[in-house]
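Okay, here's what each chain looks like letter by letter:
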Amino acid sequence: MIGLKHGKEEFMVDIGTLDIKEFVGNSIKEVFATMFSMEVDIFNGEQQGIDEGNRIVGSVSFAGDVMGNVNIHVTDVFARQMTAAMLDMEVSEIKGEEEVHDVIGELCNMIGGDLKSRLCDFGLPCKLSIPSIACGNNFTVRSKGWASKERLSFQHEGHTALVEVYMKPGE
């Protein structure tokens, strides 16, 4: 529950009533269809992750009446396929990491922006940060101190990606 003030009135909002996993899953499907012309399957069962190999993690935060973080983990190979699809080019035409990082950052902006909009519609105004990118081999991203955590995996043609959403009341 989050206590909010509207004028002199104070009321409680339960962020637990939002189905974040379903909302983010629908957002992922829509963004991938629109940006990349790719269909993705969302895993409803046990969540899969990306633990090995070169990968990229895009992250965007939001702060206001509710605070949170959205992390998107993708393999380097999948990130390059997404970049090629978005820029209408072949994977072999991608010259550097900057294009790939820009595409992953934009993916974070779209997924995070959809969630921010949903939270604002729910009466929880917040602002979105610029995305940050981490890349490498065999590293861990840890987020602590959050009231709720949702994880969901999605897949396209054998490539698995992971989205993590962390939230807590604003301070």
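Calculation notes
Residues numbered from 1 in each chain as written. Predicted model: local features only at pLDDT ≥ 70, side-chain atom pairs only at ≥ 80, totals over all residues. Heavy atoms only, no water. Core = buried A, V, L, I, M, F, W, Y, C linked by side-chain atoms within 4.5 Å. Buried < 20%, exposed > 50% of the residue type's maximum accessible area, 1.4 Å probe, protein only. Helix = DSSP H or I, 4+ residues; strand = E, 2+ residues; numbered from the N terminus. Contact = heavy atoms within 4.5 Å. Axes fitted to C-alpha atoms, helices over the stretch in contact; angles between N-to-C directions. Parallel < 35°, antiparallel > 145°, perpendicular 65-115°, else oblique. Nonpolar A, V, L, I, M, F, W, Y, C, P; charged D, E, K, R; others polar.

(A) Region of the structure containing the nonpolar core. Of all hydrophobic cores here, the largest spans 39 residues; its most connected members are I28, F32, V70, V74, M82 and L119. Mapped by element, the contributors of at least two residues to this core are α1 (20-36), β4 (54-64), β5 (66-75), α2 (76-87), α3 (97-121), β8 (148-156) and β9 (159-169). For V70, the residues in contact, after removing those within four places along its chain, are G58, S59, V60, F62, I111, G112, L115, V163, E164 and V165.

(B) Up close: the packing of α2 against α3. Where α2 contacts α3, the axes come no closer than 9 Å and their chain directions differ by 85°. The angle between α2 and α3 places the two elements in the roughly perpendicular class. Every residue of α3 that contacts α2 at D76, A79, R80, M82, T83, M86 and L87 is listed here: E97, E99, V100, V103, I104, E106 and L107. Looking at side-chain class alone, the contact of α2 with α3 contains eight nonpolar, one polar and five charged residues.

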